[in-house]
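Each chain is listed here by its residues.
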Amino acid sequence: MWVFFSFSFSNLFRDYVKPSLSFIFFGAACFQTVYSLVCNQIIPLSEAILFATAFLHYMFFCANEPLLLDLAAEAAFPVAEAITTGLMFTAAYIVQLFFFVTFTFILDKNNNPLWMNWVLASAEVVCIPIIFIYNGSRKRLAVDLANKRDEIWTKGEEIDFF
């Protein structure tokens, strides 16, 4: 039952992955920018604003991960999802290691971490046009639907896919 529900729900959502990712990255960039302004004391410091912006940024930032993994699996369809996901996580950890080692120990002599907030907000803004530029097809879904259709036709049943 749950497998059928998740399959049907993901089919309904398939056309909205890119707009959803754009909205999620835009929301994360907005909340990170407000958080950075509060940390730099451009906006008056308030515990409520600090907590709300940090929480909402984290919520938006973490919401993009499953959609990005799905988009990557679609882009590299003949390759297994586990390989694609593993490579994405490995690349993310390498970039994080480079980011923290280079900027924390080498470039930042004052140990002032406020610049990291602005780099994160900028990176999220840069992702929005990249998502719009990506023009991938949903090959994996088409193969799944074709296999499902063939199974149903062999059983003599009818089903509406969309």
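Fair warning: this is a prediction, and the values are worked out from it, not measured in the lab.

(A) Examining the overall build of the protein more closely. A count of helical and extended segments in the protein gives 6 helices and 0 strands. For the protein, with 162 residues in total, the buried portion stands at 23%. A separation threshold of at least 6 residues defines the contact pool for the protein, and within that pool the share at least 24 residues apart is 69%. Accessible surface, the protein: about 11300 Å² in total, of which carbon and sulfur atoms supply 72%.

(B) The packing of helix α2 (residues 17-39) against helix α5 (residues 114-133), seen in detail. Close contact between α2 and α5 brings their axes to 9 Å; oriented N to C, the two are set at 160°. Between α2 and α5, the interaxial angle falls into the category roughly antiparallel. For the pair α2 and α5, the crossing hand works out as left-handed. Here the contact of α2 with α5 is built from residues that sort into 17 nonpolar, 5 polar and 2 charged.

(C) Spatial organisation of α5. Here α5 spans 31 Å end to end across 20 residues, near enough to the 28 Å set by a 1.5 Å rise per residue. Here α5 has its buried residues at M116, N117, A121, E124, I128 and I131. Viewed end-on, α5 has its buried residues packed into an arc of 140°, placing them on one side of the element. Residues of α5 that are exposed and angled more than 90 degrees away from the buried face: I130 and I133.

(D) Region of the structure containing the packing of α2 against helix α3 (residues 47-75). α3 packs onto α2 with a crossing angle of 150° between their chain directions and a minimal axis gap of 8 Å. Judged by the angle between their axes, α2 and α3 are roughly antiparallel. Crossing angle aside, the handedness with which α2 passes α3 is left-handed. Tallied by class, the residues present in the contact of α2 with α3 amount to 21 nonpolar, 6 polar and no charged.

(E) Structural detail: unusual backbone geometry. Phi angles above zero are rare outside glycine, and Q41 is one such case at about 60°. As for its position among the elements, Q41 is in the loop between α2 and α3. The class of Q41 is exposed, set by a relative accessible area of 64%.

(F) Local environment of the packing of aromatic side chains. This model, assessed by the stated rule, comprises 4 aromatic pairs. Look at F23 and F60: their rings are 5.8 Å apart centre to centre, the planes differ by 65°, and that puts the pair in the edge-to-face class. With F23 in helix α2 and F60 in helix α3, this pair connects stretches of sequence that are 37 residues apart. Exposure remark for F23: the relative accessible area of 53% places this residue in the exposed category. Looking at F60, the relative accessible area reads 15%, which means it is buried. Between the aromatic rings of F51 and F55, the centroid separation amounts to 6.2 Å while the plane-to-plane angle is 15°, which identifies the pairing as stacked. Within this pair, F51 and its partner F55 are both found in helix α3, separated by 4 residues, close to a single helical turn. Assessed through its relative accessible area of 61%, F51 is described here as exposed. When its relative accessible area of 48% is taken as the criterion, F55 is described as partly exposed. Within the aromatic cluster, the residues linked to one another by ring pairs are F23, F31 and F60.

(G) Quick look at the environment of F100. Here F100 lies in helix α4 (residues 81-107). Of the residues examined, F100 reaches a relative accessible area of 42% and is grouped as partly exposed. C-alpha of F100 to C-alpha of M116: the two residues are 16 residues apart in sequence and 9.3 Å apart in space. Residues in contact with F100, not counting those within four places in the same chain, are F105 and M116.

Scoring rules and cut-offs
Residues numbered from 1 in each chain as written. Predicted model: local features only at pLDDT ≥ 70, side-chain atom pairs only at ≥ 80, totals over all residues. Heavy atoms only, no water. Helix = DSSP H or I, 4+ residues; strand = E, 2+ residues; numbered from the N terminus. Buried < 20%, exposed > 50% of the residue type's maximum accessible area, 1.4 Å probe, protein only. Contact = heavy atoms within 4.5 Å. Areas by Shrake-Rupley, 256 points an atom, 1.4 Å probe, with all protein chains shown as cover. Axes fitted to C-alpha atoms, helices over the stretch in contact; angles between N-to-C directions. Parallel < 35°, antiparallel > 145°, perpendicular 65-115°, else oblique. Left-handed = near helix turned anticlockwise from the far one by under 90°. Nonpolar A, V, L, I, M, F, W, Y, C, P; charged D, E, K, R; others polar. Expected span 1.5 Å × (residues − 1). Arc of directions from axis to C-beta. Phe/Tyr/Trp six-rings, centres within 6.5 Å; stacked < 30°, edge-to-face > 60°.

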